[in-house]
Amino acid sequence: MSYESIVADDQKYIIQTYGRYPVAFARGEGAHMWDVNGREYVDLLAGIAVTSLGHCHPELVDVLSTQMQALWHTSNLVYTEPQTELARRLVGTTDHMSRCFFCNSGAEANETLIKLARRYMTRVKGREEAVDIITLSGCFHGRTFGALAATGRDSLADGFRPLPAGFKQVEAGNIEAMAAAIDEKTCAVLLEVVQGEGGVIVLDDDYVRAVEKLCRERDVLFCCDEVQAGMCRTGAFWAYQTCGVKPDIISMAKALANGLPMGGIMATEEVSRGFVAGSHGTTFGAGLLTSAVAARVVEIMQRDNLAERARVLGRRIMDRARAFMETHPGTIREVRGKGLFIGIELPSDAHKVWSDLLEAGYLCNLCHGSTLRLLPPLIITEDDVDAFMDALEARLLQESRA
Ligand SMILES: *Cc1c(COP(=O)(O)O)cnc(C)c1O
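Keep in mind that what you see is a predicted model, and the values were worked out from it rather than measured. For every chain, the first residue of the written sequence is number 1, and numbering continues from 1 onward in sequence order. Given that the model is predicted, a residue must reach a pLDDT of at least 70 before its local features are reported, and side-chain atom pairs must reach 80 or more before they are shown or counted; all residues, however, enter totals for whole chains, interfaces and linings. No hydrogens and no water enter the side-chain calculation; it runs on all heavy atoms of the structure.

**Student:** Would you explain the environment of Leu77 in this entry?
**Tutor:** Note on conventions: DSSP H or I runs of at least 4 residues are helices, E runs of at least 2 residues are strands, and numbering of each starts at the N terminus. Structurally, Leu77 can be placed in the loop between helix H3 (58–68) and helix H4 (81–91). Each C-alpha atom, one on Leu77 and one on Gly337, is 42 Å from the other, the two residues being 260 residues apart in sequence.

**Student:** What am I meant to see in the pattern of salt bridges here?
**Tutor:** When the charged atoms of two side chains with opposite charge come close together, those side chains can pair. A pairing counts as a salt bridge when a side-chain nitrogen of Lys or Arg comes within 4 Å of a carboxyl oxygen of Asp or Glu. Tallying each qualifying case throughout the model produces 33 salt bridges. A salt bridge links Glu128 to Arg123; the nearest nitrogen and oxygen atoms lie 2.7 Å apart. Given a relative accessible area of 52%, Glu128 falls into the exposed group. Between Glu334 and Arg336 there is a salt bridge, with the nearest N and O atoms lying 2.7 Å from each other. Burial status follows relative accessibility: with a 1.4 Å probe on protein chains alone, a residue under 20% of its type maximum counts as buried, one over 50% as exposed, and anything between as partly exposed. With a relative accessible area of 37%, Glu334 lands in the partly exposed category. One network of salt bridges, with partners in common, ties together Glu85, Arg89, Arg296 and Glu299.

**Student:** Mind showing me how you'd approach the sheet that holds strand E6 (residues 167–170) here?
**Tutor:** In spatial order, the strands read E4-E12-E11-E10-E7-E5-E6; together these seven strands make up an open sheet with mixed pairing. The sheet is open, and its two borders are formed by strand E4 (99–103) and E6, each paired with just one other strand. Going across the sheet, the axis of each strand differs from the next one's by a mean of 20°, ignoring polarity. Strands qualify as paired when DSSP identifies two bridges or more between them. Pairing geometry for strand E5 (residues 132–136) and E6, over four bridges, is parallel. Each axis is a line fitted through C-alpha atoms, and for a helix only the stretch in contact is used; angles between axes span 0 to 180 degrees, taken between their N-to-C directions.

**Student:** Is there a simple way to think about the site of the ligand in this case?
**Tutor:** The near set for a molecule or strand comprises every residue that places at least one heavy atom within 4 Å of it. Around the ligand, the structure places Ser105, Gly106, Ala107, Asn110, Phe140, His141, Gly142, Glu192, Asp225, Val227, Gln228 and Lys254. Between N or O atoms, a polar contact is any pair within 3.5 Å; within protein, one atom must be a potential hydrogen donor and the other a potential acceptor, and residues adjacent in sequence are included only when both atoms are from side chains. Gln228 has a polar side-chain atom sitting 2.7 Å from an oxygen atom of the ligand. Protein contacts shield 81% of the accessible area of the ligand, which totals 380 Å² for the unbound molecule. In terms of residues, the shell around the ligand owes the most to one element, helix H5 (residues 106–124), which gives three residues. Gly falls in the polar group here, along with every residue not listed as nonpolar (Ala, Val, Leu, Ile, Met, Phe, Trp, Tyr, Cys, Pro) or charged (Asp, Glu, Lys, Arg). When the residues that make up the shell around the ligand are grouped by side-chain class, the tally is three nonpolar, six polar and three charged. All accessible-area figures derive from a Shrake-Rupley calculation using a 1.4 Å probe, and residue coverage is judged against the displayed protein chains alone.

**Student:** What should I look at first to understand the nonpolar core in this one?
**Tutor:** Here is a general trend for soluble globular proteins: nonpolar side chains tend to be buried in one another's company. Here, nonpolar core means buried Ala, Val, Leu, Ile, Met, Phe, Trp, Tyr and Cys residues that are tied together by side-chain atoms lying within 4.5 Å of each other. Ranked by size, the top nonpolar core spans 119 residues in total, and within it Met178 and Met301 carry the most contacts. By definition, residues are in contact when any of their heavy atoms lie within 4.5 Å. Other than its neighbours up to four places away in sequence, Met301 contacts Ser52, Leu53, Met231, Cys232, Phe237, Ala255, Leu306 and Leu378.

**Student:** Just checking my understanding: could you explain empty space enclosed by the protein for this structure?
**Tutor:** Empty space among the atoms can be located by rolling a probe the size of a water molecule over them. Using a 1 Å grid laid over the protein atoms alone, points where a 1.4 Å probe fits but cannot get out form a cavity; open sets with protein on both sides within 12 Å along at least 5 of 7 lines form a pocket; any residue with an atom within 4 Å of a point counts as lining. Grid points are joined across faces, edges and corners, and a volume is the space filled by probe spheres set on the points. Scanning the entire structure with this criterion turns up one cavity of 30 Å³ or more. Each pocket or cavity is described by its volume, and for the largest cavity that value is around 30 Å³. Contributing to the lining of the largest cavity are His73, Thr74, Ser75, Asn76, Gln83, Thr283, Gly285, Ala286 and Gly287. Considered class by class, the residues forming the lining of the largest cavity number one nonpolar, eight polar and no charged.

Shown next as structure tokens:
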């Protein structure tokens, strides 16, 4: 089918909730993709931080093919080895977490996190009033009702009210505001160490540590949304590990099964007591296909030390972008990021730069109109990264001469 007929069918048959990029991909390998016309692209988006091991990773194709021929789905009424293997491997990526629960997306993971936090506080701690979840300005936690209430952004909630009660938001980075917001009704603080949808806003390590300390002093739970920042992207297996904190619960999803839909939470032994048999459940959560793939994802990420790779390649991109910003004032406003989670903010509307890069065969994300968000697969090569930076710099030079 031609590109034009795909677009025509999309406009006819799909409920139009997405402003799509003008491209349809047909095939991928590693950090490269080919569109339906056979044109090659370098992928610096990874399906929004999802395909961290690249497209069609041979070991994942292998484990999926094997599992596909053995068994797909049995429900959570029975035990399965892929699910327990995945949980054991994930627990092995931390030095203080004990247990996992699996679901199917990032929003669902945050719903689970919120439910566990509330149930732990009200049933285990017996603090009936401690139900409020505090989040930060600029956050994004998902589109379902609880996650939407946590996100607290009017533009996303328009037309969907009433939202569930029990959510408060404070200014990110402002520790006094956090201290003032926590009271006897507070259940938990939930934050992203790097805010992705917010425009790649990196919270200060000291701020994150100060929030954790406040949570400990006031006896409220400290939770991290690792849906986008987790799984080696920021240069540690989990983004919270880059700040030296120990959250009570984290949520995960995007890169977990490298493109198969899967989410989950991980919690400490103590807080896991908040759920008992019947507290929560899902039909599809941790099916055999997604679990088998995710278990191998975790194994490969650790074996190949992809956290370190993200740190080194992230440095390479950010150092070069910052050097260019110095030598060519006015071309870049700010370079932000941690590992391979990078935002390059331009001084004005970046849409033309972004679309010219796409035209030149480089796929990245444009956020808030002026920030190029880079989330390349962690296996991207130095050559691909350098070629992208060459193209970006050439385009910015052209812009500054215009
Ligand atoms: C993408 C994202 C979500 C939502 O995940 P979905 O799978 O789209 O529901 C939640 N939190 C963060 C930080 C995200 O980046």
